[in-house]
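Spelled out, the chains give:
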Amino acid sequence: MTIAVEKVLYTARATAEGGRDGRTASDDGKLDVTVAPPKELGGNGQGTNPEQLFAAGYAACFHSALKTVARVTKQDVTGSTVTAAVGIGPINGGAGYGLEAELVVTLPALEREAAEQLVAKAHEVCPYSNATRGNIKVDITVA
């Protein structure tokens with residue numbers, strides 16, 4: 001099932017030159033990074049890689065969703081953090097590559113049960129979670 005956006009509120013644009021070994025820049029000039037494969041994928045590790053960009057975006061987006069849900073439910077998320085890990089590896093017997101993600105959410109101001117409920121609600125709100133749901137493995141841990 002495809003999820004359609006009812007109304008586009010913002011569109012980000014970026015252009016890549018050279019694929020995993022080149023440069024990626026946003027059209028507004030706020031992002032301009034050298035892209036290089038990590039050593040584990042045969043690169044020199046001297047640039048940012050797409051998995052790092054995905055992890056940064058997912059962590060920031062999930063944290064914003066967490067704060068939004070907390071504001072609505074009047075819960076304290078002081079000192080909260082979200083750490084995302086994005087892995088890449090072969091799928092279908094090496095015919096292609098796939099991703100998986102892990103989010104570790106820290107909510108020091110909340111009891112465990114309240115934290116887990118808040119994280120579950122944030123997972124329903126977060127655009128990255130909605131984009132990945134049913135497409136890649138995503139594990140979420142409340143630390």
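Residues numbered from 1 in each chain as written. Predicted model: local features only at pLDDT ≥ 70, side-chain atom pairs only at ≥ 80, totals over all residues. Heavy atoms only, no water.

## Some details on the nonpolar core
Core analysis: the largest hydrophobic core is formed by 24 residues, its most contacted members being Phe62, Leu66, Leu107 and Leu118. Elements with a minimum of two residues in this core: α1 (50-73), β4 (81-91), β5 (96-106) and α2 (112-125). Beyond its immediate sequence surroundings of up to four residues, phenylalanine 62 is in contact with Val82, Leu103, Val105, Val119, Ala122, His123, Cys126, Ser129 and Ile140. (Core = buried A, V, L, I, M, F, W, Y, C linked by side-chain atoms within 4.5 Å. Buried < 20%, exposed > 50% of the residue type's maximum accessible area, 1.4 Å probe, protein only. Helix = DSSP H or I, 4+ residues; strand = E, 2+ residues; numbered from the N terminus. Contact = heavy atoms within 4.5 Å.)

## What about unusual backbone geometry?
Positive phi, normally seen in glycine, also occurs at lysine 74, with a value near 55 degrees. Within the secondary structure, lysine 74 is located in the loop between α1 and β4. By relative accessible area, lysine 74 is classed as exposed at 73%. A positive phi angle, close to 50 degrees, is found at asparagine 92, a residue other than glycine. Of note, asparagine 92 is situated in the loop between β4 and β5.

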